[in-house]
Amino acid sequence: IPQESVVDMSPVESFRTPSKEELRELREQPTDPQEEQEIIDRIEEVYFSSDSFDMVQYELEKLPPDLNLLELEEYRDKLKRQQAAVSKRVADLILEKQPSYVKELERVTSLQTNLQLAAVICTNARRQLHSAKEGFTEASLGLLANQRRRQLLTGLLKSLRTIKTLQRTDVRLSEMLEEEDYPGAIQLCLECQKAASTFKHYNCISELNSKLQDTLEQIEEQLDVALSKTCKHFDVSHYTKVQLAYKLLGKTQTAMDQLHMHFTQAIHNTVFQVVLGYVELCAGNADTKFQKMQYKDLCTHITADSYIPCLTDLCKALWEVMLSYHLTMQWHDEHYKEEEATPGADDSSAEGSDESTVDRSYVKKKLEHGLTRIWQDVQLKVKAYLLGTDVSNFKYDDFIVVLDVISRLMQVGEEFCGSKSEVLQESIRRQSVNYFKNYHRTRLEELRMFLENETWELCPVKYNFSIAQLHEFKFMGQCRSPSVSPSRQPESTETVELSLFEQYLQGGNPFEMQIDNKEEETEDVLASNGYESDELEKSVYQDYDSDSDVPEELKQDYVDEQTGDAPVKSVSRETLRSRKRSDYNLNRANAPILTNTTLNVIRLVGKYMQMMNILKPIAFDVIHCVSQLFDYYLYAVYTFFGRNDMYESSGLGLISSRLRTTLSRIQESLIDVEAGGENAGPHASPEERKEKVPSPHLSQLVVLTASDTLYGLAERVVATESLVFLAEQFEFLHLHLDTMMPSAKKPFLQQFYSQTVSTASELRKPIYWIVAAKAIDYEQMLLLMAGVKWDIKEIMSQHNIYVDVLLKEFEKFNQRLGDVSKIVRIPLPVSNVLWEHCIRLANRTLVEGYANVKKCSNEGRALMQLDFQQFLMKLEKLTDLRPIPDKEFVETYIKAYYLTENDMEQFIKNHREYSMKQLTNLVNVCLGSHINKKARQKLLAAIDDIDRPKR
């Protein structure tokens, strides 16, 4: 059955090409297209579902359970029609596409042929290629491959060698660090890091890179240590390497911050180690408790013996640190100048130049700011040390060394950063005030003890003695002494301008000079037996007129002695020759007259001035104390040799109002009258008494009552002239003291000199007056004059016996004066004062004797004049003193006898120097000769009027 044959066809077979007969048959069947389309449309969709559809199975399953043949046949016919319609449609389509199909089939056939040809060609080609491969390619390309591999391996070997070098870099870096070649080490490290980044694709290199980073950090640490070393011992090459290394790292500013931190640390460590060393040395045990102490507490454990050595070492160590900082600044200044002179090798780019400028500016500001910061640290460390020990009981020389060391340190500070060192000044001022009060009190007590044990014997010094020879005044010769003006030492100005940093740049230490100075402080001022040698003694007499060897200061002193007040610039040969005429000037070669106590006072003044020179802030306190030394010496000399109640009655004005004021001031301000047993004035408070000293008492070994020694004239001369010499030395030091004195306090110094120092020579009058009053027996002369008859009637040609007796007294006095001059030189002013006093007392005794006369004639008055002229004539041979003192006092009194009533009245009013008794006697003696009783009453009334204000 056709239907069955169609159904049985396989899916491939169903698409076979229909035969010609079938096609024809299909075409011959009458068709209606519309009908045909309807038949196709009525075909169930399931038939078009898929190729694997089993239509037979489908149709069989559709059969009803009860089969009806007619229905089956109808259904079969329906299916046959549907099949025929489909077949016809397929046949039409096949016929329609037949030419294309044929044509495509031809192409397939042609393609099959071409493929077979290609297969043959490929087979041949493969065969030929195999031959070529065996014959040429394997050999030639093998060579090329080997060459390429060789190139790769060469590059690899180079890389491996670089890696090997990198691996071994740490050894070289270590060597460079040991050699302190920090710039080289950093340069190498940076290059290695750069190279390592090129080979970072190797595993081993990544580890090496981290290792190099660690090494670089290690180099920075070592660089930091190297930087810290420059704080104590600056080395130019070493510091240059360090700075270059930091520049390579790009950490110039960091380096400067680190440097300042190291300097601060260096100061702390240095001072701590120095003080700790001394503390442990003094403690003598291995106790570690000191190690854990704070620096301030450690300073309190320094003993008095180790205080100065420790202070000196402390300053030496701090000097090293400051010198290093100074040299660091100097290095940067020079380095920047060089950079400015040779611009831009490193700073080729504008950005690099800007960065360098910023670094430079930062470093400069940091260094300048660091100056004051470092000096402040130094001050605080030294302050803690200074205040850690109580120095009030130190020996003077030790304390002066402390002051000198601190003064030198302050000088260093001023040169270092222009600082006035307020911290140090305040510290040393506190210690100095504390020390000085204690010291001055002790020295005044010592001075009292010296004065009370002083026998007032001459201390033999060389004829050219000057206070500058005493080591206490050596400081005045140093260039930093303010008393030396630039005009006085023009040749030394260059050394003054040279700073300490310049002086000790190459080595040494400004604090080493202290000990050297102490060792050099030797002096030779004492003469052997009053002379330097026998030759000198001879030359003194042989060449007395020569003043070529006399120092200017001593020439000045001589003139002061001669005039008593105002000094003259130079000494003429005539003056020296006039001295030679004096019997009392040759002995001891005009050497200064002074005692051991004087010398001690001068030394003490030198010590005080040293302290003042070093310590300006307490200058006034020191000068005030210096004035007290002089005051006390002057008061002692006056108390021992010049105090006498007879001055007022003498009428000679021996004590000037200025001297009296000075003595009163000294007694009120300095003398502890309660301790001396004198009940003068109100009771002083304990604080005021603490500042005062008891009045001194003359040593019992000094005898002032023996007539053969002229009542202690030698001791009086030594005492008084030593005071005058002391005053001259004070005058010599005036300029220096004035320079030291604060401006506000200068009036005190001026007053001290004008009211006290200048009065020293005025003490000669009251002191020598006592000798003059006792050396000649004036009472005997009055008795002899009382026995003379003055109402004679004829003019006498022979003088009275009392004149000869008086002249013998003067000769005896002259002889004793010569004896005393063998013990101590009697300067011309002293002999003049003595002679003046004696002559004045003699003249006043004459007037007093003439005033005792009851009756007197004109011839008697003439005899008085004869006696007096005889006395003057003989007296002028005994003394060089001109004019004769009080000569007019006697002559005027004698001549007043001849005055008329009116002239007598005027005479009484004008001549107040005569006493009431002398004037009354004059009037009474004249009564009867040329004055009547009425006139007498009038004149006596006039005398009474003069006396009334006095009462």
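Since the structure is predicted, the reported quantities are computational estimates derived from the model, not experimental observations.

Caption draft 1: Region of interest: the overall build of the protein. If you tally the helices and strands in the protein, you get 38 helices and 2 strands. Sorting the 951 residues of the protein into buried and exposed places 43% on the buried side. Sequence separation of 24 or more characterises 80% of the internal contacts of the protein that already satisfy a separation of 6 or more. A total accessible area of about 51700 Å² is found for the protein, and carbon and sulfur atoms account for 52% of it.

Caption draft 2: Structural context of the pattern of salt bridges. Scanning all chains against the criterion turns up 25 salt bridges. Put simply, lysine 88 and glutamate 36 hold a salt bridge, and the shortest N to O gap is 3.7 Å. You can see lysine 88 sitting in helix α5 (residues 69–167) and its partner glutamate 36 sitting in helix α3 (residues 33–41), a full 52 residues away along the chain. Residue lysine 88 is classed as buried on the basis of its relative accessible area of 11%. The exposure class assigned to glutamate 36 is buried, which follows from its relative accessible area of 9%. The partner of lysine 366 in a salt bridge is aspartate 257, with the nearest N and O atoms 3.4 Å apart. On the criterion of sequence distance, the pair formed by lysine 366 in helix α13 (residues 350–387) and aspartate 257 in helix α10 (residues 252–283) is long-range, its members being 109 residues apart.

Caption draft 3: View of the side chain of glutamine 431. Relative to the assigned elements, glutamine 431 resides in helix α15 (residues 422–453). A polar contact of 2.6 Å, which involves the side chain of glutamine 431, links it to the backbone oxygen of leucine 386. Residues in contact with glutamine 431, not counting those within four places in the same chain, are Leu386, Leu387, Thr389, Val391 and Phe399.

Caption draft 4: Local environment of helix α27 (residues 713–732). Between the first and last C-alpha of α27 there are 28 Å, a value that for 20 residues agrees with the 28 Å anticipated at 1.5 Å per step. Within α27, 17 of the 20 residues are buried, which leaves it mostly tucked inside the rest of the structure.

Caption draft 5: Here's a closer look at a negative patch on the surface. A surface patch of like charges, here negative, comprises Asp32, Glu35, Glu38 and Asp41. Checked against the element boundaries, aspartate 41 lands in helix α3.

Caption draft 6: Structural view of the packing of aromatic side chains. All told, the structure shown has 36 aromatic pairs when counted by the stated rule. Here tryptophan 456 and phenylalanine 640 contribute two aromatic rings whose centre-to-centre distance is 6.1 Å and whose plane-to-plane angle is 70 degrees, an arrangement assigned as edge-to-face. With a gap of 184 residues between them, tryptophan 456 in the loop between α15 and α16 (493–497) and phenylalanine 640 in helix α23 (residues 619–642) connect regions that are remote in the sequence. You can call tryptophan 456 buried: its relative accessible area is 1%. Chaining the aromatic ring pairs together yields one cluster made of Tyr396, Phe399, Tyr435, Phe436, Tyr439 and Tyr608. Stacked on the ring of tyrosine 439, the Lys or Arg arginine 443 has its end atom at 4.3 Å from the ring centre. Over the ring of phenylalanine 889 we find arginine 844, and its NZ or CZ is 4.4 Å from the ring centre.

Caption draft 7: Layout of the packing of helix α31 (residues 778–786) against helix α33 (residues 828–851). Closest axis-to-axis distance for the α31/α33 pair is 9 Å, and the angle between their directions is 30 degrees. When the axes of α31 and α33 are compared, the pair comes out roughly parallel. Read as a crossing pair, α31 and α33 show a hand that is right-handed. Judged by residue contacts, Tyr778, Met781, Leu782 and Met785 of α31 engage Cys838, Leu841, Ala842, Thr845, Leu846, Glu848, Gly849 and Tyr850 from α33.

Caption draft 8: Summary view of the packing of α23 against α27. Where α23 meets α27, the closest approach of the two axes is 10 Å, and the angle between their N-to-C directions is 160 degrees. Relative to α27, α23 is oriented roughly antiparallel. When you trace α23 past α27, the crossing you get is left-handed. Residues Val626, Phe630, Tyr633, Leu634, Val637 and Phe641 of α23 lie in contact with α27, whose contacting residues are Glu715, Arg716, Ala719, Thr720, Ser722, Leu723, Leu726, Ala727 and Phe730. A per-class count over the contact of α23 with α27 returns 11 nonpolar, 2 polar and 2 charged.

Caption draft 9: Spatial organisation of the side chain of glutamate 762. In this structure, glutamate 762 sits in the loop between α29 (746–755) and α30 (764–775). A distance of 2.3 Å separates polar atoms of two side chains, one belonging to glutamate 762 and the other to arginine 658. If we ignore the near neighbours within four places in the chain, the residues touching glutamate 762 are Leu654, Ser656, Arg658 and Leu659.

Caption draft 10: Fine view of the nonpolar core. Core analysis: the biggest nonpolar cluster contains 231 residues, and Val275, Tyr385, Phe630, Leu713, Phe810, Tyr850 and Phe871 have the highest contact counts within it. At 17 residues, helix α12 (residues 304–341) tops the list of elements feeding residues into this core. Each residue touching tyrosine 850, except ones within four places of it in the same chain, is listed here: Met785, Trp790, Tyr802, Met864, Asp867, Val890, Tyr893, Ile894 and Asn921.

Caption draft 11: Region of the structure containing unusual backbone geometry. Here the bond from arginine 882 into proline 883 is cis, since omega is -10 degrees, no more than 30 degrees from zero. For proline 883, the position within the fold is in the loop between α34 (858–878) and α35 (887–895). Look at tryptophan 456: it is not a glycine, yet its phi comes out positive at around 55 degrees.

Caption draft 12: Region of interest: the environment of leucine 323. Among the secondary structure elements, leucine 323 is positioned in helix α12. For leucine 323, a relative accessible area of 9% gives the class buried. Taking the C-alpha atoms as reference, leucine 323 lies 10.0 Å from glutamate 502; in sequence the two are 179 residues apart. Once you skip the residues sitting within four places of it in the chain, leucine 323 turns out to touch Phe501, Tyr504 and Leu505.

Caption draft 13: Structural context of a nonpolar patch on the surface. Together, Met55, Val56, Leu60, Leu63 and Leu67 make up a nonpolar patch on the protein surface, roughly 410 Å² of accessible area in all. Examined against the element boundaries, leucine 67 turns out to sit in the loop between α4 (55–62) and α5. What makes leucine 67 exposed here is its relative accessible area of 55%.

Caption draft 14: The arrangement of the confidence of the model for the protein in detail. For the protein, the mean per-residue pLDDT works out to 79, and 81% of the residues sit at or above 70. The lowest-confidence element of the protein is helix α19 (residues 534–542), averaging 39 in pLDDT; the highest-confidence one is α27, averaging 93. Within the model, pLDDT remains below 50 along residues 479–496, and this stretch shows 21 contacts once partners closer than five positions in the same chain are excluded. Segment residues 530–587 is flagged for pLDDT under 50; beyond a separation of four residues in sequence, or across chains, it makes 100 contacts in the model.

Caption draft 15: Layout of the state of the cysteines. A complete count under the given rule lists 0 disulfides for this structure. Residue cysteine 315 stays outside any disulfide, its sulfur separated by 9.5 Å from that of cysteine 310, the closest cysteine. A relative accessible area of 0% places cysteine 315 in the buried class.

Quick notes on the rules
- Residues numbered from 1 in each chain as written.
- Predicted model: local features only at pLDDT ≥ 70, side-chain atom pairs only at ≥ 80, totals over all residues.
- Heavy atoms only, no water.
- Helix = DSSP H or I, 4+ residues; strand = E, 2+ residues; numbered from the N terminus.
- Buried < 20%, exposed > 50% of the residue type's maximum accessible area, 1.4 Å probe, protein only.
- Contact = heavy atoms within 4.5 Å.
- Areas by Shrake-Rupley, 256 points an atom, 1.4 Å probe, with all protein chains shown as cover.
- Salt bridge = Lys/Arg side-chain N within 4 Å of Asp/Glu carboxyl O.
- Polar contact = N/O pair within 3.5 Å; in protein donor to acceptor, adjacent residues only side chain to side chain.
- Expected span 1.5 Å × (residues − 1).
- Patch = residues over 30% accessible without salt bridge, like charges linked within 9 Å, V, L, I, M, F, W, Y side chains within 5 Å.
- Lys, Arg positive; Asp, Glu negative; His and termini not counted.
- Charge placed at Lys NZ, Arg CZ, Asp CG, Glu CD.
- Phe/Tyr/Trp six-rings, centres within 6.5 Å; stacked < 30°, edge-to-face > 60°.
- Lys NZ or Arg CZ within 6 Å of the ring centre and 35° of its normal.
- Axes fitted to C-alpha atoms, helices over the stretch in contact; angles between N-to-C directions.
- Parallel < 35°, antiparallel > 145°, perpendicular 65-115°, else oblique.
- Left-handed = near helix turned anticlockwise from the far one by under 90°.
- Nonpolar A, V, L, I, M, F, W, Y, C, P; charged D, E, K, R; others polar.
- Core = buried A, V, L, I, M, F, W, Y, C linked by side-chain atoms within 4.5 Å.
- pLDDT = per-residue confidence, 0-100.
- Disulfide = S-S within 2.5 Å.

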